[in-house]
Amino acid sequence: MSDKKKTTNPNTYKFDTLSLHAGYQPHKNAGSRQVPIYQTTSYLFDDVDHAAALFNLERGGHIYSRISNPTVGVLEERVASLEGGTAALATSSGMSAIFLTVMTLCEAGDHLVVSSQLYGGTVNLFRLTLPKFGIKCTFVKPRDTEGFKKAIQKNTKGIFGELVGNPGNEIMNMPEIAKIAHDAGIPLMVDATYQTPYLCKPFEHGADIVIHSLTKWMAGHGSSMAGILVEGGKFDWMQNDKFPTMTKPYEGYHGLSFAEEFGPTAFTMKARAEGMRDFGPCLSPQNAWNVLQGIETLSVRMKKHCSNAEEMVKYLLDHKSVAWVSHPSVPDHPDHELAKKLLPNGRGSMIAFGIKGGKDAGVAFINNVKLASHLANVGDTRTLVIHPASGTHSQMDEATLKFAGLSHDMIRLSVGIEDINDIKNDFEIGFRAAIKPRLVSNQ
Amino acid sequence: MKFKVNNEEVYASTGGRPFDKNKPLIIFVHGSGLTHMTWVLQTRYFAFHGYSVLALDMPGHGLSGGKSLKSIEDMADWIKAVIDAVDYKEASLVGHSQGCLVTIECTSRYPDKIKTLSLMGGAGAIPMNPELLSLAENNDPKAVDLMMDWAHGPAGHFGGHPVPGLYHINTGGMLAKSRTIKDTLGVDFRACDNYKNGFEAAKKIKIPTLSILATDDKMCPVKEGKKLADLIEGSKVDIIDNCGHMMLLEEADRVLKVLKKFITTNYPSKFK
């Protein structure tokens, strides 16, 4: 006879169920089982009172699709639920989600501490574009945890980084860096595009704002641009006087204090009310719907992405044409142990490797693979390859490339979910082509 | 806004409008372990339509100072002290869940101070599940997770927040975790469990009273809400279908519509 006491556990829906259902109630949408595409710019008001109530944030609802849209709203709730966040705001792309996050947080004269290993476009946003708005940044290498602390200034308003850096696969010690941020009274913002909430939920490791390019693994199909910012709800904006635009009366909404009124959803409310109103990088309902189709199979796809990636890592490590392989699953990867902790469900499907023969071999490889697609995207269900130094990061000068940990022999591989042997066979064709020019020149 | 009651700082949302002592006052009283933020989709309407609103953070909760009050009776006296502190002679009360016990007790104790009473997800008694009570008193976050599970109806578990982009189970959970669980939820649950005077207090109430109940409310089921309403003379009952205990978020618009009609009829404001 068991003497175990029966305990009750919450029956809230789990990840796979939320991926299919969160944010949507069919009975409120004519019983439509699928999320409807609300292809409309604007919404009828019941009367003048109703209109005023919506504009005054007295009640929830939609006014104009730049600010919110019911289809987009389902996507926002779904991602918030999967991340364990309180609220989310979808945008037209991942870049606009980053921009909107920064502009919601910062004013001219503010400063950010930023990981140096980022997507090239993000580097340029922080390095060149934000200074035009009076927002300056200090870059720190992702593994230099103490460096993040040292870089914080009086006017620093947050720390930003990609959890696993693009494209070198260097991992930020998120729990430690979150502690540094919180000790300084500032939030940690993490771009977790590479992980999706299936591999890592950054809020459980101290992040305050999570950003995704939904274009990538979340959608998976490579058909639609989309981004999102998700709020964790724990950060106390009122703990210091660093965030007056969150805590002081806001002229744009009858003296509203977002932090006092909306607490754990204050950042998202401000990003929508101010950022979407004034900048307008809204997501189209069609693209939101497309992304929702992808999210329905997120966990199924991510498992295959990760298992294929681990197979490809073994294959590349054993290959005579490969100089080096960077993936957190490789035991001698400097962040191997940290990855086990932060990415327990899989280490992701981004691999960086160096091809013997340098830039010329890299070009030959990429020009000759047939199944793998040569393009400027990651996280498609199809296998993708690119040579970052001549592609995604080509707008960076030599010194910046070096600081970002990039080399001319590096090939970035986003492993798809095709049959693993077909991917390997395709790579053999690429490697053979990469060897040929060298053989010729040796003769 | 912030003010003092019993020498402790009190925070109350005024619904996004300045507090105006000339306007009739509505006080919103939150449920166990929660804060003023649960009322955001009701308070702002009244604040923009001729009323002064105080959505309170109870002592030790949200942005208020002090320690959580240990009994429903103490909370009822504290609400009366709030009315005095803001220099009003009378107010309308709106309560949710534990807030219903508090407002019933307050109305029975200070009948001249309270003009209307609106109860959401209320019952005459809220005996606590022993396991939930123990978890909360032992500061276990599972108490919040269980509360959020039971407090939302089947539809609410899918989300569908009236404010685009907000996911209410996680938002509610974060509110309940905003202070130390044992000091807020633990103390509140014990106060609810100990309170036995709800039905007697209800019999004394002679003011216009509205009970908003929800068909899928597991924490204060419809039959318990009706039992309470039957004891209040002339009490009105409105039942919201396909909705759980967190009706003020799950079905914010429907709740506001009923509340608006009741308050503007029974406690009209001459202000616009």
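The model shown is predicted, which means the values in this text are computed figures rather than measured ones. (Residues numbered from 1 in each chain as written. Chains lettered and ligands numbered in written order. Predicted model: local features only at pLDDT ≥ 70, side-chain atom pairs only at ≥ 80, totals over all residues.)

The next subject is the overall build of chain A. Across its full length, chain A holds 17 helices and 12 strands. Compactness check: chain A gives a C-alpha radius of gyration of 23 Å against a globular reference of 22 Å for 443 residues, within 12% of the reference. Looking at chain A as a whole, 53% of its 443 residues are labelled buried. For chain A, restricting intrachain contacts to residue pairs at least 6 apart in sequence, the fraction spanning at least 24 positions comes to 73%. (Helix = DSSP H or I, 4+ residues; strand = E, 2+ residues; numbered from the N terminus. Rg over C-alpha atoms; globule rule 2.2 N^0.38 Å. Buried ≥ 20, exposed ≤ 12 C-beta atoms within 10 Å, placed from the backbone. Contact = placed C-beta atoms within 7 Å.)

Further remarks concern the nonpolar core. Counting residues in each nonpolar core, the largest one holds 227 residues, and the members touching the most others are Leu-229 and Ile-351 of chain A together with Ile-26, Ile-27, Leu-56, Ile-79 and Val-255 of chain B. Apart from the residues lying within four places of it in its own chain, the contact partners of Ile-27 of chain B are Leu-54, Leu-56, Ile-79, Val-82, Ala-91 and Leu-93 of chain B. (Core = buried A, V, L, I, M, F, W, Y, C linked by C-beta atoms within 7 Å.)

All names here are of chain A. Across the sheet, which stays open at both edges, the five strands sit in the order 8-9-12-11-10 with mixed pairing between neighbours. Edge positions in the open sheet fall to strand 8 (322-326) and strand 10 (373-374), since each of these has one partner strand only. Alignment of strand 11 (residues 384-386) against strand 12 (residues 410-414), held across three bridges, turns out to be antiparallel. When the sheet's bridge partners are listed, Val-385 is paired in strand 12 with Leu-413. (Pairing = 2+ DSSP bridges.)

Facing the 45 residues of chain A at the interface are 36 residues of chain B. Contributing elements (two or more residues each) for the side of chain A that touches chain B: helix 3 (70-83), strand 1 (87-91), helix 10 (258-262) and helix 11 (266-278) of chain A. If you tally residues by element for the side of chain A that touches chain B, the top one is helix 3 of chain A, at five residues. Split into classes, the residues belonging to the side of chain A that touches chain B amount to 13 nonpolar, 23 polar and nine charged. (Nonpolar A, V, L, I, M, F, W, Y, C, P; charged D, E, K, R; others polar.)

Our focus in this paragraph is helix 3 of chain A. Between the first and last C-alpha of helix 3 of chain A there are 20 Å, a value that for 14 residues agrees with the 20 Å anticipated at 1.5 Å per step. One or two positions beyond helix 3 of chain A, positive phi appears at Gly-84 of chain A, with a value near 80°. (Expected span 1.5 Å × (residues − 1).)

Assignment of secondary structure puts Ser-321 of chain A in the loop between helix 13 (298-317) and strand 8. Residues Ser-321 of chain A and Ile-355 of chain A, 34 residues apart in the sequence, show an inter-C-alpha distance of 6.1 Å.

Further remarks concern the environment of Asn-138 of chain B. For Asn-138 of chain B, the location among the structural elements is in the loop between helix 4 (130-137) and helix 5 (142-151). For the pair formed by Asn-138 of chain B and Val-187 of chain B, sequence separation is 49 residues and the distance between their alpha carbons is 11 Å.

A few words on the domain arrangement of chain A. All names here are of chain A. Here chain A is described as being made up of domain 1 (15-295) and domain 2 (298-442). Centre-to-centre, using C-alpha coordinates, domain 1 lies 29 Å away from domain 2. Elements supplying a minimum of two residues to the side of domain 1 that touches domain 2: helix 1 (15-21), helix 5 (120-129) and helix 8 (196-199). Classifying every residue of the side of domain 1 that touches domain 2 by side-chain character gives 14 nonpolar, 14 polar and four charged. (Domains from an automatic or database assignment.)

To continue, consider the pairing of strand 3 (residues 25-29) of chain B. Residue and element names in this part refer to chain B. Counting buried positions along strand 3 gives five out of five residues, so the element sits mostly inside the fold. One ladder, built from four bridges, connects strand 3 with strand 4 (residues 52-56); its direction is parallel. The residue of strand 4 that forms the bridge with Phe-28 is Ala-55.

Residues and elements named next belong to chain B. Structurally, the position occupied by His-168 is in helix 6 (residues 168-176). For His-168, a count of 28 C-beta atoms within 10 Å gives the class buried. On a C-alpha basis, the gap between His-168 and Cys-192 in space is 24 Å, while along the polypeptide they are 24 residues apart. Setting aside residues up to four positions removed in sequence, His-168 forms contacts with Gly-156, Gly-159, His-161, Met-246, Leu-249 and Glu-250.

Here the focus is the sheet that holds strand 2 (residues 8-13) of chain B. Residues and elements named next belong to chain B. Sheet architecture is open: eight strands sit in the order 1-2-4-3-5-6-7-8, paired in mixed fashion. Looking at the sheet topology across the chains shown, the edges are occupied by strand 1 (2-5) and strand 8 (236-240). Strand-to-strand, the axes of this sheet are offset by a mean angle of 25°, without reference to chain direction. When strand 7 (residues 209-214) meets strand 8, the two strands line up parallel, connected through five bridges. Along strand 8, the bridge assignment pairs Leu-210 with Lys-236. Docked against the sheet, helix 2 (residues 72-85) engages strand 1, strand 2, strand 3, strand 4 and strand 5 (91-96), running at close to 120° with respect to strand 1. In the packing of helix 11 (residues 252-266) onto the sheet, contacts are made with strand 3, strand 5, strand 6 (114-120), strand 7 and strand 8, and the angle to strand 6 comes to roughly 165°. (Axes fitted to C-alpha atoms, helices over the stretch in contact; angles between N-to-C directions.)

Moving on: the packing of helix 4 of chain B against helix 5 of chain B. When two helices pack together, their arrangement is given by the angle between the helix axes and the distance between those axes. All names here are of chain B. One way to put it is that helix 4 packs onto helix 5 with a least axis distance of 8 Å and a crossing angle of 140°. Judged on the interaxial angle alone, helix 5 and helix 4 are oblique. Contacts between helix 4 and helix 5 involve Leu-132, Leu-135 and Ala-136 from the former and Lys-142, Ala-143, Leu-146 and Met-147 from the latter. (Parallel < 35°, antiparallel > 145°, perpendicular 65-115°, else oblique.)

Bringing the packing of helix 5 of chain B against helix 6 of chain B into the picture now. Residues and elements named next belong to chain B. Taken N-terminus to C-terminus, the directions of helix 5 and helix 6 make an angle of 140°; their axes are 9 Å apart at the nearest point. Comparing their axes, helix 6 and helix 5 come out oblique. When you trace helix 5 past helix 6, the crossing you get is right-handed. Only Ile-169, Gly-172, Gly-173 and Ala-176 of helix 6 make contact with helix 5, whose side of the interface consists of Val-144, Asp-145, Met-147, Met-148 and Ala-151. Each residue belonging to the contact of helix 5 with helix 6 can be placed in one class, and the counts come to six nonpolar, two polar and one charged. (Left-handed = near helix turned anticlockwise from the far one by under 90°.)

Summarising the model, chain B shows a mean pLDDT of 96, and 100% of its residues fall at 70 or more. Listed scores for the predicted complex are pTM 0.94 and ipTM 0.94. (pLDDT = per-residue confidence, 0-100.)

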